[in-house]
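This is what each chain is made of:
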Amino acid sequence: MEKISFCINTSVNEINHIKLLFSSFEKNLASKEHEFIVFIDSDNQGTFEWLLTQKEIFPNLKILKNNLPICYGYSRNINEMFEQASNNIVSFLQSDMVVCKNYDLEILKGLEPGMMLCSTRIEPPLHPSGPEKITHDFGLDPTKFNLDSFTKFAEENKQDKFSVYFFAPFTMHKKEWLSIGGQNTLFRRSREDSDMLIRMVLNGTKISQTWRALAYHFTCTSSRGPAWFDKQNIKAQQRLKIQQEADQYELCRFTILWGAFKHGDLTDTGFKKQVYYNIAANIKNIKDINKFYNFEMFFDEVYVEDKNIINQTQAIYDHQHKTANHLLNITDEVWEEYKYMYNKLNAKDRIKNYFKHFIKEEKDIIVEFDLETVDYSYINSFLIHLQQIIDETEELGEFEYGPFKFTINKKINVADSRKIITNPKVKEEHLYTIH
């Protein structure tokens with residue numbers, strides 16, 4: 001059997017999930033000779049010490065331990081695990097998952113070169129049911145989970161079919177991951193997977209889902225907390241509210257990168273490659289910086305008459321990190337020391353002085369409008385569809401839509417140029433330890 005590098009990231013309050021996941025590895029994998037890489041981003045329950053005891057069962061267990069007062073975060077720690085993987089095939093699992101019998105054999109049967117193979121989730125009824133998953137309640141407490149019942153249920157529900165959908169857990173050849181630069185550390189709380197999916201598809205990677213490799217998923221324990229679903233738990237609901245705020249900030253960053261949010265563009269034949277056009281905006285009469293922020297994210301470049309707008313927008317970008325830092329218990333002082341580890345938005349790269357830089361004839365596409373004459377309804381009715389509208393517009397020239405004036409000088413799809421990202425390198429003294 002070809003060896004797989006299974007990669008799992010974990011943080012605080014997750015030891016019982018990790019114990020259950022490893023119990024399913026021990027009981028249900030066809031081989032224990034695979035490589036198991038666990039990235040402990042933070043630890044308050046002795047997860048590291050417990051994992052050391054598992055080395056007797058799993059001889060190729062590798063523990064990556066973050067010793068910093070700041071979490072690496074999902075997007076960075078999965079990149080680190082895949083970099084450390086010794087095998088050609090890498091498989092990512094979240095800590096709150098449980099694998100079916102012969103999980104390793106099933107993914108190896110379905111995986112092809114140039115493919116990202118997603119396993120099928122079995123989930124409790126916390127989210128709406130859908131055609132991409134199996135809804136069945138095996139409980140929400142890992143300490144009360146019946147592994148034998150789950151294993152029997154999974155065997156009875158395996159199907160010899162493939163479909164097209166994307167979510168974790170997923171498996172692929174390591175070179176596919178490295179070829180796009182991995183996940184983007186710009187995203188600290190969510191949306192990193194959707195961004196990665198778009199870039200994978202641009203890179204020509206086939207996305208497939210097998211219905212023979214099944215995994216139970218407790219859902220959202222890492223991002224929302226282990227008790228996020230409990231409406232009576234006031235502390236959990238407060239955390240959930242903050243996470244929802246962080247999700248909105250991530251959505252804004254995603255919009256800046258891709259023009260609007262998409263979890264891939266799924267068609268009957270598979271995921272369609274993303275299109276992206278460089279659209280410049282000349283925004284006039286800016287009186288409300290928060291309103292400006294809500295509109296500027298839909299454009300690749302923004303030209304303003306008052307250069308103070310640049311610094312004011314940067315202050316908004318910087319403030320957004322406070323929500324993630326609150327969830328991760330990161331102080332302002334710690335963030336200042338370690339924020340270099342992440343990609344961040346730079347207002348100067350996007351927003352420029354109109355009088356010094358704006359030459360209309362040099363821009364591919366220009367949108368001009370007076371901010372005071374535009375209301376927020378245009379965001380959902382128009383701006384989130386702007387990239388698609390440009391893609392479907394065949395003629396060049398000048399156009400108008402309500403308060404917006406368009407000039408399309410040329411249409412060049414530059415999406416391919418955005419598929420590879422570069423993340424900052426971590427200083428040697430800030431690297432995790434390997435055990």
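Residues numbered from 1 in each chain as written. Predicted model: local features only at pLDDT ≥ 70, side-chain atom pairs only at ≥ 80, totals over all residues. Heavy atoms only, no water.

It is not clear to me how the overall build of the chain should be interpreted in this structure. Could you clarify?
The helix and strand tally for the chain stands at 16 helices and 19 strands. Its C-alpha atoms give the chain principal-axis dimensions of roughly 70 × 50 × 45 Å. Put simply, the chain has 435 residues, and 55% of those count as buried. Contacts spanning at least 24 positions in sequence make up 79% of the contacts within the chain whose residues lie at least 6 apart. With the model as given, the accessible surface of the chain reaches about 19,300 Å², and the carbon-plus-sulfur share is 47%. Both charge centroids of the chain, one from 53 positive and one from 61 negative side chains, sit 2 Å from each other. (Helix = DSSP H or I, 4+ residues; strand = E, 2+ residues; numbered from the N terminus. Buried < 20%, exposed > 50% of the residue type's maximum accessible area, 1.4 Å probe, protein only. Contact = heavy atoms within 4.5 Å. Areas by Shrake-Rupley, 256 points an atom, 1.4 Å probe, with all protein chains shown as cover. Lys, Arg positive; Asp, Glu negative; His and termini not counted. Charge placed at Lys NZ, Arg CZ, Asp CG, Glu CD.)

Got a minute to help me understand the packing of helix 7 (residues 192–202) against helix 9 (residues 234–258) in this structure?
Two numbers describe a pair of packed helices, the interaxial angle and the distance between the axes. Contact geometry of helix 7 with helix 9 gives a least axis separation of 11 Å together with a crossing angle of 20°. The angle between helix 7 and helix 9 falls in the class roughly parallel. For the pair helix 7 and helix 9, the contacting residues are Ser194, Asp195, Ile198, Arg199 and Leu202 in the first and Phe254, Leu257 and Trp258 in the second. A per-class count over the contact of helix 7 with helix 9 returns five nonpolar, one polar and two charged. (Axes fitted to C-alpha atoms, helices over the stretch in contact; angles between N-to-C directions. Parallel < 35°, antiparallel > 145°, perpendicular 65-115°, else oblique. Nonpolar A, V, L, I, M, F, W, Y, C, P; charged D, E, K, R; others polar.)

Would you mind showing me how to read the pattern of salt bridges here?
A side chain with one charge may pair with a side chain of the opposite charge, provided their charged atoms come close. Tallied over the entire structure, the rule returns 21 salt bridges. Between arginine 253 and glutamate 250 there is a salt bridge; the shortest N-O distance is 2.7 Å. Of this pair, arginine 253 and glutamate 250 both sit in helix 9, three residues apart, which is roughly one turn of that helix. In this structure, arginine 253 and glutamate 250 share a single accessibility class: buried. Across the pair aspartate 300 and arginine 418 runs a salt bridge, and its minimum N-O distance is 3.6 Å. Taken together, the residues span a long stretch of sequence, with aspartate 300 in the loop between helix 10 (289–296) and strand 14 (301–304) and arginine 418 in the loop between strand 18 (404–408) and strand 19 (433–434) at a distance of 118 residues. Here aspartate 300 matches arginine 418 in class, with each residue buried. Each of Glu106, Glu155, Lys158, Asp160 and Arg212 takes part in a single network of salt bridges with overlapping partners. (Salt bridge = Lys/Arg side-chain N within 4 Å of Asp/Glu carboxyl O.)

Honestly, the nonpolar core in this entry has me stumped. Any pointers?
In a soluble, globular protein the nonpolar side chains are often hidden away together inside. The biggest cluster of nonpolar side chains holds 81 residues, and the ones touching the most others in it are Phe25, Tyr103 and Phe170. Among the nonpolar cores identified, the runner-up in size contains 46 residues, and Ile198, Leu202, Leu371 and Ile408 belong to it. (Core = buried A, V, L, I, M, F, W, Y, C linked by side-chain atoms within 4.5 Å.)

How should I be thinking about the side chain of asparagine 353 in this particular structure?
Its location among the elements puts asparagine 353 in strand 15 (residues 351–353). Judged by relative accessible area, asparagine 353 falls into the buried class, the value being 14%. What asparagine 353 contacts, discounting residues up to four positions off in sequence, is Tyr303, Val304, Glu305, Lys307, Ile310 and Phe358.

Any chance you could explain the pairing of strand 13 (residues 279–284) here in plain terms?
Every regular strand shows the same layout, with side chains that alternate between the two sheet faces. Along strand 13, five of the six residues are buried, which leaves the element largely enclosed by surrounding structure. Note that strand 13 and strand 16 (residues 365–370) share six bridges and pair parallel. For alanine 280, the partnering residue across the bridge sits in strand 16 and is isoleucine 366. Relative to strand 14, strand 13 is paired through three bridges, and the arrangement is parallel. Looking at strand 14, one finds that alanine 280 is bridged to glutamate 301. Following the backbone out of strand 13, through helix 10 and into the adjacent parallel strand 14, one traces a crossover that is right-handed. (Pairing = 2+ DSSP bridges. Right-handed = clockwise from strand over helix to strand, strands pointing away.)

I keep staring at the packing of aromatic side chains and nothing clicks. Help me out?
Any pair of aromatic rings gets described here by the distance separating the centres and the angle formed by the planes. A full pass over the atoms with the stated rule returns 40 aromatic pairs. Here phenylalanine 22 and phenylalanine 25 contribute two aromatic rings whose centre-to-centre distance is 5.2 Å and whose plane-to-plane angle is 75°, an arrangement assigned as edge-to-face. A residue pair is termed a helical-turn pair when its members lie 3 or 4 positions apart in one helix, as phenylalanine 22 and phenylalanine 25 do in helix 1 (residues 15–28) at three residues. This pair shows no difference in class: phenylalanine 22 is buried, exactly as phenylalanine 25 is. (Phe/Tyr/Trp six-rings, centres within 6.5 Å; stacked < 30°, edge-to-face > 60°.)

When you look at unusual backbone geometry in this model, what are you seeing that I'm missing?
Alanine 168 connects to proline 169 through a cis peptide bond whose omega is 5°. By the secondary structure assignment, proline 169 is in the loop between strand 8 (162–163) and strand 9 (170–173). The phi dihedral of asparagine 102 falls on the positive side, at around 55°, and the residue is not glycine. The topology assignment puts asparagine 102 in the loop between strand 5 (97–99) and helix 4 (103–110). The backbone phi angle of asparagine 329 is positive, close to 60°, even though this residue is not glycine.

Where do I start with the side chain of glutamine 387 in this structure?
Within the secondary structure, glutamine 387 is located in helix 16 (residues 386–392). Relative accessible area serves as the criterion here: at 8%, glutamine 387 is assigned to the buried category. Apart from the residues within four sequence positions on either side, glutamine 387 is in contact with Trp258, Gly259, Val275, Tyr276, Tyr277 and Ile279.

What am I meant to see in the sheet that holds strand 15 here?
Hydrogen bonding along the main chain pairs the strands of a sheet, whether they run parallel or antiparallel. With respect to topology, six strands assemble into an open sheet ordered 15-14-13-16-18-17, the strand pairing being mixed. Every other strand in the sheet has two partners, leaving strand 15 and strand 17 (397–401) as the edge strands with one partner each. Put simply, the sheet's adjacent strands are angled 25° from each other on average, direction ignored. Against the sheet, helix 10 engages strand 13, strand 14, strand 15 and strand 16, with an angle of about 150° to strand 14.

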